[in-house]
Amino acid sequence: MNISDFSRRQFLRSLAFAGAAGAVGTFPGISYSAAGDTLTVRFDRELESLDPGYYVGGHPANDVNWGVMPALIHYGGDVGWMPAPHVESIVVRDATHIDFTLRSGMMWSGDNGEVTTEDVAYSYDRMLESEWKGDYVAYDHTEIKDKYSGTIVLNQPFSPFMSATLASGTGIIVCKKAVEAVGGKYTVEIPATCGPYIIAEHRQAQSMKLRPNPDWNGVKPAYENVDCIFVSEAEAGALAFEAGELDVAKITSNAYARYLKETPPNSTLTVAGALQYMWMGLSTEHPKLKDIRVRQGIQHAVDLDSIFQGAYSCTAEPSAGIVCPGLIGKRDKAGYSYDPSKAKALLDEAGVSGLTLTLRTLNAQERLLSAQIIQANLGAIGITVEIIPLDSGPFWEMGQESKGETWKDLELWIMRFGAGTDPYEPFQWFVRDQVGVWNWERWSSDEFEDLFAAGVAETDPAKRNTIYLRMQEIMEETGGYVWLTHEPEVFIHRSDIISHFAPSGEMILNYFKPA
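The text that follows walks through the structure, step by step, so that each part is easy to find. (Residues numbered from 1 in each chain as written. Predicted model: local features only at pLDDT ≥ 70, side-chain atom pairs only at ≥ 80, totals over all residues. Heavy atoms only, no water.)

## Thoughts on the overall build of the protein chain
Each helix and strand counted, the protein chain has 15 helices and 22 strands in total. Computed over its C-alpha atoms, the radius of gyration of the protein chain comes to 23 Å, within 12% of the 24 Å expected for a compact globule of 515 residues. Taken along its principal axes, the extent of the C-alpha atoms in the protein chain is 70 × 60 × 40 Å. Burial status across the protein chain gives 58% buried among its 515 residues. (Helix = DSSP H or I, 4+ residues; strand = E, 2+ residues; numbered from the N terminus. Rg over C-alpha atoms; globule rule 2.2 N^0.38 Å. Buried < 20%, exposed > 50% of the residue type's maximum accessible area, 1.4 Å probe, protein only.)

Laid out in structure tokens, this is it:
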């Protein structure tokens, strides 16, 4: 290794651990090897909430919840899901009825009694009023047969309900008694847990320790302890793995490209999936962007190939919409193309010159590089762009009306959402009642609303494909979207570890085991 390589590694390592361990790069009380009973993994951001109805989904919230909370099913198995360790049985009786029986004797933490069918009904009924109600669009109610048995009743046939809803993070079961006692919702302090692990310690932006639940009477995980280290700088996560300080680490596209050429000794690369979609959003209501010709001009000004190569080292698939690779409704081509001359002509037609805009993004490597490329692209047509990098807390709140006034100032932003295994999922965030929640572009369409309902009810794959293609056309026609990429969710881990990932890119930690 030459001097410059060494300096870069030292710099990134200190950057990764700043605030968590200081310059020394060590974490008191955290072990660094899965050789014994402890698995050490990387969390890439702090937790804003663990409430399945009101959280920012995906990693790391789901990683924690699947280890400490009950569920009926988890990802895995020949049909895409398998019974969770909390159930005796679960059977899809017919297209609208799912019968289940919970294991008896599963105790909630604190003085909250057993996990019962009433908790299941409460959890799923509660989702109908939550920020994630789109996941439950086909859910009607849960019939309570007895303390441990019940039937989930759907309002229409919807085959992805198992893998796209119950197996996802929104399928988590909460304790009715405990949640009601704290006012009906919570953030990172879970009022009652029941899983193979408990949260033994949580140091803000530093680490989280999962330890054995002494009251757990089910199958015990292979790794008794899980130490989760918060390493927000992605490249530093790869370096921490190389240094032996992590057993499992999510890595950047840049690290992925590097490891494809030469994987570190005794390590394995796993692509958990590519169910992510990234775009640049444009506010359709902001005075600077209200003229659709300005938004369309920006669509034509962004060079996707440069982003694909410069920010993602050609490891991410260029995007033409929100439906991810391998799913019904995936678009092959956007309705606009990179054409700076056309972009400038649209601005001239709108009578716009000397435009200045802000572009907000998470403070992450690929996104900052993407933002810099977009900044240069828009500069070439006379638009001055100021990049505003943000940490995860303020970033995820900036477009939500309930979180403050920042939504009024939003102009451009780079956004990435994760999806599941059915194409209906990403569309739920852009329906009318998501304006001011997650539809930050702030548009609505009667046709889009009708098609969303039709797509859920439709069972014919060809017809669903037509529906979802048209829905993405509607989104694009608003001028509110510049499609960017579908990022792969890539992990590097020790070769002597058998991993278990959800297709949406989260770790199901209680299924990890030694090879």
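## Points about the environment of L269
Here L269 lies in strand β12 (residues 267–273). For L269 and R494, which are 225 residues apart along the polypeptide, the C-alpha to C-alpha distance reads 8.9 Å. Every residue in contact with L269, bar those within four places of it in the chain, is listed here: I251, Y256, Y259, L260, T263, V490, F491 and I492. (Contact = heavy atoms within 4.5 Å.)

## Looking at helix α14 (residues 446–457)
Here α14 contains twelve residues, and its C-alpha end-to-end distance of 17 Å stays within 8% of the 16 Å for a straight helix at 1.5 Å per residue. Of all the residues in α14, the buried ones are F448, L451, F452, G455 and V456. Each buried residue of α14 sits inside an arc of 135° when the element is viewed along its axis, so together they form one side. Residues of α14 that are exposed and point more than 90 degrees away from the buried face comprise D446 and D450. Measuring from the backbone nitrogen of E447 back to the side-chain oxygen at the start of α14 gives 3.3 Å, which picks out S445 as the cap. (Expected span 1.5 Å × (residues − 1). Arc of directions from axis to C-beta. Polar contact = N/O pair within 3.5 Å; in protein donor to acceptor, adjacent residues only side chain to side chain.)

## Here's the deal with the pairing of strand β4 (residues 87–94)
Relative to strand β5 (residues 97–102), β4 is paired through six bridges, and the arrangement is antiparallel. The residue of β5 that forms the bridge with V87 is L102. In this structure, the hairpin formed by β4 and β5 is closed by a connection of two residues. (Pairing = 2+ DSSP bridges.)

## Topic: the packing of helix α8 (residues 292–301) against helix α10 (residues 340–349)
For the pair α8 and α10, the least separation of the axes is 8 Å and the interaxial angle reads 165°. In terms of orientation, α8 lies roughly antiparallel with respect to α10. As for how α8 packs across α10, the hand of that crossing is left-handed. Counted together, R293, V294, Q296, G297, H300 and A301 of α8 and P340, K342, A343, L346, L347 and E349 of α10 form the full contact between these two elements. Taken together, the residues of the contact of α8 with α10 break down into six nonpolar, three polar and three charged. (Axes fitted to C-alpha atoms, helices over the stretch in contact; angles between N-to-C directions. Parallel < 35°, antiparallel > 145°, perpendicular 65-115°, else oblique. Left-handed = near helix turned anticlockwise from the far one by under 90°. Nonpolar A, V, L, I, M, F, W, Y, C, P; charged D, E, K, R; others polar.)

## Overview of the pattern of salt bridges
With the rule as written, the count across this model stands at 31 salt bridges. The partner of K176 in a salt bridge is E118, with the nearest N and O atoms 2.8 Å apart. Taken together, the residues K176 in helix α5 (residues 176–181) and E118 in helix α3 (residues 117–127) connect sequence positions 58 residues apart. Members of the salt-bridge network, linked through shared partners, are D44, K250, R416, E487 and E489. (Salt bridge = Lys/Arg side-chain N within 4 Å of Asp/Glu carboxyl O.)

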